[in-house]
Amino acid sequence: MDGNDGSEHVTTHGGEFAAPDGERTFAALPPARGRGFAESWWGRAWLQALEDTALDTAQLKAGRRLARAGAVGAVSVRPGRITAVVQDKDGTAHRSDVLLQRLSPQEWDHFLGMTVERAGHIAALLDRDMPPHLVEDAAAAGVDLLPGIGDLEPECDCEAWDHCGHTAALCYQVARLLDQDPFVLLLMRGRGERELLDELQVRSVARQDTDDTVQAEPQAAAQEGVDAAEAYAEGVILPPLPEAPPLPSEPGPPPSLDAETEPAADVDVAALAFLAARAAAEAHRLLAEALSPGHAHQPVEPEMTLAEDSARLAAAAPDAAAAARLAEASDRDEDGLAGAVRAWGYGGRAALAVLEEEWTPRGDVLARARAALDAAWDEDERPVLRAARNHWTVAGADTQLRHGIDGRWWPYRKERGRWVPAGPAAHDPATALAMVTGAE
């Protein structure tokens, strides 16, 4: 197979090996017991492509067991292919490969052109991040970065015709590598990090030269002067507006309420100061979102309900009097507001809905949920779960999973007789439950 030339690799920092021809080789990762395989959203998308593609859930479970046990050796990543040796429980070694289609030269041209127009995308990649709007902008340019159903093609010397436990284990292990460095995905798609950054640098310089030329021309015309009537008649385009001022690093201070005039008897000055500070913070957040690339393509969120806005405000830790008013206004007691604040911190509106709204899954949704639960554990390890609508409670334990309308799983624990959120959502129920129990 390609890339298997027997050349010697030289160890570098971070458990990675230097390798020729755009190949990167990562040392075997330690066992992943008690944790999920992917924490980043793009790592989870990679696993979703695997799980949507594989026809045999038993092989997926076998792959998870092998990956958790540390049975996957050093992983070689190169354009179009990932490779590793995976050992069965009996020590039998299998060479396993997973293939992913490389981007075409035209697709790379579209991706690079899109990226260089948005400095935030380059900054995110250099920070080892892959924000959703980068992937969405790439898709709008006709480039699919993340794999979809059927895109991860398996090859293994065990001669399985579909994903086997060995190729599944390789994919689960690669999800951990993707968490650390999204350039691993871009290398699979055909371009290494250094090559990619060099090309972006060349295009950035060329674009800056073009921008400088374009901006110089209107200035020269302005110096010569143009008759206003002639300009209007000929429809001359006005010079571009100046650049918007940079976003402040933090919200500005609200106006001082310290005045010589005594406030009216029904005005709570402390609460008013708190609301003014939160309004400034929210305005800063909204402005940052509005200035981010691709914001115009995002759907408009519906207006917050009173219950949601009360949780948002209470999350900013107001004084006791203001917190009590927020609890009363949202028809919650003190513990109820504390639970809402905890949920808001874990996942905003979605997490709050899971806390305070029960729903009954349709038959097809319930079937998919039960299939996910069955696939998450071996039969002898699976906890006994009692279902009530979208709540799955672990028998004999103060732990619970809640199934969100979006298909994610939320961990819960019982504290002082009340169910409270215990962590953020996960696509895998075993990963969600591990946040409560400390082990899957």
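Conventions we followed
- Per chain, residues are indexed from 1 in the order of the written sequence.
- Side-chain atom pairs in this predicted model are given and counted only at pLDDT of 80 or more, local residue features only at pLDDT of at least 70, and totals for whole chains, interfaces and linings cover all residues.
- Calculated side-chain values reflect all of the structure's heavy atoms, with hydrogen atoms and water omitted.
- Each helix is a run of H or I in the DSSP string that is no shorter than four residues. Each strand is a run of E no shorter than two, and both are numbered from the N terminus.
- Any two residues whose heavy atoms approach within 4.5 Å are treated as being in contact.
- Here's how the labels work: a residue is buried when its accessible area is under 20% of the maximum for its type, exposed when over 50%, partly exposed in between, all with a 1.4 Å probe on protein chains only.
- For this analysis, a polar contact is any N or O atom pair within 3.5 Å, provided that within protein one partner can donate a hydrogen and the other can accept it, and provided that sequence-adjacent residues contribute only side-chain to side-chain pairs.
- Any two strands between which DSSP finds at least two bridges are classified as paired.
- A fitted line through C-alpha atoms serves as each axis, taken over the contacting stretch for helices, and the angle formed by two N-to-C directions is quoted from 0 to 180°.
- Each salt bridge in this description consists of a side-chain nitrogen of Lys or Arg and a carboxyl oxygen of Asp or Glu lying within 4 Å of one another.
- For a helix, the expected span equals 1.5 Å multiplied by the number of residues minus one.
- Working definition for bend: take the seven residues up to and ending at a residue and the seven starting at it, fit an axis to each, and measure the angle between the axes.

Novice: Would you mind going over the overall build of the protein with me for this structure?
Specialist: Looking only at helices and strands, the protein features 15 helices and 12 strands. At a minimum sequence separation of 6, the contacts of the protein that also span at least 24 residues come to 62%.

Novice: Would you explain the side chain of His166 in this entry?
Specialist: With respect to the element layout, His166 can be found in helix α6 (residues 165-180). Overall, His166 belongs to the buried group, its relative accessible area being 8%. A polar atom in the side chain of His166 sits 2.7 Å from the side chain of Asp88. Not counting residues within four places of it along the chain, the set of residues in contact with His166 comprises Leu66, Val86, Asp88, His94, Ser96, Cys156 and Cys158.

Novice: Even after reading the chapter, I still don't get the sheet that holds strand β11 (residues 409-415), so can you show me in this structure?
Specialist: The pairing of strands in a sheet comes from backbone hydrogen bonds and takes either a parallel or an antiparallel form. Across the sheet, which stays open at both edges, the 5 strands sit in the order β8-β9-β10-β11-β12 with antiparallel pairing between neighbours. With one partner strand each, in any of the chains shown, β8 (385-388) and β12 (418-421) form the two edges of the open sheet. In this sheet, adjacent strand axes meet at a mean angle of 30° when their direction is disregarded. As paired elements, strand β10 (residues 399-403) and β11 share 5 bridges and run antiparallel to each other. Bridge pairing links Leu401 to Pro411 in β11. The strands touched by helix α14 (residues 363-376) within the sheet are β8, β9 (391-394), β10 and β11, with β9 carrying the most contacts at an inclination of about 30°.

Novice: Which parts of the structure should I look at to understand the pattern of salt bridges?
Specialist: In a structure, side chains of opposite charge can pair up when their charged atoms sit close to one another. If you walk through the whole model with that rule in mind, you get 26 salt bridges. Between Arg416 and Asp335 there is a salt bridge, and its shortest N-O distance comes to 3.2 Å. In this pair, Arg416 sits in the loop between β11 and β12 while Asp335 sits in helix α13 (residues 334-356), placing the two residues 81 residues apart along the sequence. Arg416 sits in the exposed class, given a relative accessible area of 78%.

Novice: For this particular structure, what's the right way to read the side chain of His284?
Specialist: Positionally, His284 belongs in helix α10 (residues 269-291). Setting aside anything within four residues of it in sequence, one finds His284 in contact with Leu247, Pro248, Ser249, Glu250 and Pro251.

Novice: So what exactly am I meant to see when it comes to α13 here?
Specialist: Between its first and last C-alpha atoms α13 spans 15 Å; for 23 residues at 1.5 Å apiece the expected length is 33 Å, and the helix comes up short by more than 12%. Taking the largest bend as the criterion, α13 deviates by roughly 130°, centred on Gly347. Of all the residues in α13, the buried ones are Gly336, Leu337, Gly339, Ala340, Ala343, Trp344, Gly348, Ala351, Leu352, Val354 and Leu355. Elements in contact with the buried residues of α13: α11 (306-314), α12 (320-329), β10, β11 and β12. Here α13 starts with a cap whose side-chain oxygen sits 3.3 Å from the backbone nitrogen of Asp335, and that cap is Asp333.

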